[in-house]
Structure formats: C-alpha cells, structure tokens
Amino acid sequence: MKSQTSILMVCLGNICRSPLAEGLMRSKLNFTKFVVDSAGTSGGHKGEAPDKRSIEVAEKNGLDICSQQSRKLLPEDLEKFDYIYVMDQSNLEDVQAMATSDEQRQKIKKILDVPFPGENLDVPDPYYGGSQGFINVYKMLDQATDAIKEQLH
C-alpha cells in the first residue's frame, strides 16, 4: 500500500516556475502524507539551481527553494506520480505526448485549471515581466497550490 501521495510540478526548464510551485506545494502539505517534486520538459538546465529571482521571491515569502536542482521529465515519472501539474499549454502537450495510457493522461493537468476551471490559463514565463513577472508568477502559483491543497484534503 502506497503511504504518500506524489505530486510533480512541470514547466519547460525547471528553473523558475516549477521550483516555485514545488516549494509552495511542499509548504502547504503534510510531508508525511505527500511528496512533491518538479521537472522540466527540456533538459537544458539539468542540475542547475532555481533562477536567483525565483529564489528571492520564495525567500521573501518564507520559502527556501535553494536546494532544488533542475531535472528533465522522464517517461517513468508519468507512472510514478499520482498528480502531474503543468504550467502552460505547451507543457501540457509535451507531457501528454509522453503518456502511454489513459490512466497516465488523467494525471496530467494545467495547474491554473484547478483554481480557474474552464478558463484555459497559462502560468506566464516570468522572464518577460522582469522582477514583477516573478512576483506575479508566485502569486498565481500560490493561489493554484491553495486550490490543489483543498482538492486533496
């Protein structure tokens, strides 16, 4: 019997949006009941720490995401994780293309679909908004992870 529910946060590079989502989700859930990780659909930043602006926004909000390291999404992640939340439509398409069964496809959801069902919103790339872009992304992910927490409890 599985003792922990597993959640994976996915974006393109795994250095800005998904590390924030992972840190937020970890801070909101009981670590004995849940395990949270993040990954990127590209392998371009493998082993890198989160972007310094993501780290700064997280720290200002009481989260420590410094120890996270970027990794590439693997096909076995679709089997391993119970829930997979992606940041935008491009990520959704990439992850769905990796799925080999309906069961795997049902695990994959856009993260903003939880607080805003039917609105088809993406978490924007924070690099286009400068420092404020990272703050805005944090706020969106905070709202999304609150909604996910409510669904899980």
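Everything numeric here is computed off the predicted structure, so don't read it as measured data.

## Thoughts on the sheet that holds strand β4 (residues 108-110)
Step number 1: Pairing is parallel in the open sheet, where 4 strands are placed in the order β2-β1-β3-β4. In the strand order of this sheet, the two ends are held by β2 (34-40) and β4, each with one partner. The sheet shows a mean angle of 25° between the axes of neighbouring strands, taken without regard to direction.
Step number 2: Bridge analysis of strand β3 (residues 83-86) against β4 gives 3 bridges, and the strand direction is parallel. Residue Tyr85 lies in a different strand from β4, and its bridge partner there is Lys109.
Step number 3: Against the sheet, helix α6 (residues 130-152) makes contact with β1 (5-11), β2 and β3, and its axis sits at roughly 160° relative to β3, the strand it touches most.

## Remarks on the layout of surface pockets
Step number 1: One number sums up the size of the largest pocket: a volume of about 160 Å³.
Step number 2: Considering the residues around the largest pocket, the lining is formed by Cys11, Leu12, Gly13, Ile15, Cys16, Arg17, Ser42, His45, Asp88, Asp125 and Tyr127.
Step number 3: Across the lining of the largest pocket, the residue classes tally to 5 nonpolar, 3 polar and 3 charged.

## Here's the deal with helix α4 (residues 89-98)
Step number 1: Residues Asn91, Leu92 and Val95 constitute the buried set of α4. One side of α4 holds all its buried residues, which, seen down the axis, span an arc of 100°.
Step number 2: Looking at the buried residues of α4, the elements they touch are β1, α1 (17-28), α3 (77-80), β3 and β4.
Step number 3: Its side-chain oxygen 3.2 Å from the backbone nitrogen of Ser90, Asp88 forms the N-cap of α4.

## Digging into helix α2 (residues 52-60)
Step number 1: Along α2, the residues classified as buried are Ser54, Ile55, Val57 and Ala58. Seen along its axis, α2 keeps its buried residues to an arc of 165°; they face one direction. Looking at α2, the residues exposed on the side facing more than 90 degrees away from the buried face are Lys52 and Lys60.
Step number 2: Residues of α2 that are buried sit in contact with α1 and α6.
Step number 3: In this structure Asp51 caps α2, since a side-chain oxygen of it lies 2.7 Å from the backbone nitrogen of Arg53.
Step number 4: Looking one or two places after α2, you find Gly62, whose phi comes out positive at around 80°.

What counts, and at which threshold
Residues numbered from 1 in each chain as written. Predicted model: local features only at pLDDT ≥ 70, side-chain atom pairs only at ≥ 80, totals over all residues. Heavy atoms only, no water. Pairing = 2+ DSSP bridges. Helix = DSSP H or I, 4+ residues; strand = E, 2+ residues; numbered from the N terminus. Axes fitted to C-alpha atoms, helices over the stretch in contact; angles between N-to-C directions. Contact = heavy atoms within 4.5 Å. 1 Å grid on protein atoms, 1.4 Å probe; cavity = no way out; pocket = protein on both sides within 12 Å on 5 of 7 lines; lining within 4 Å. Points joined across faces, edges and corners; volume = space filled by probe spheres on them. Nonpolar A, V, L, I, M, F, W, Y, C, P; charged D, E, K, R; others polar. Buried < 20%, exposed > 50% of the residue type's maximum accessible area, 1.4 Å probe, protein only. Arc of directions from axis to C-beta. Polar contact = N/O pair within 3.5 Å; in protein donor to acceptor, adjacent residues only side chain to side chain.

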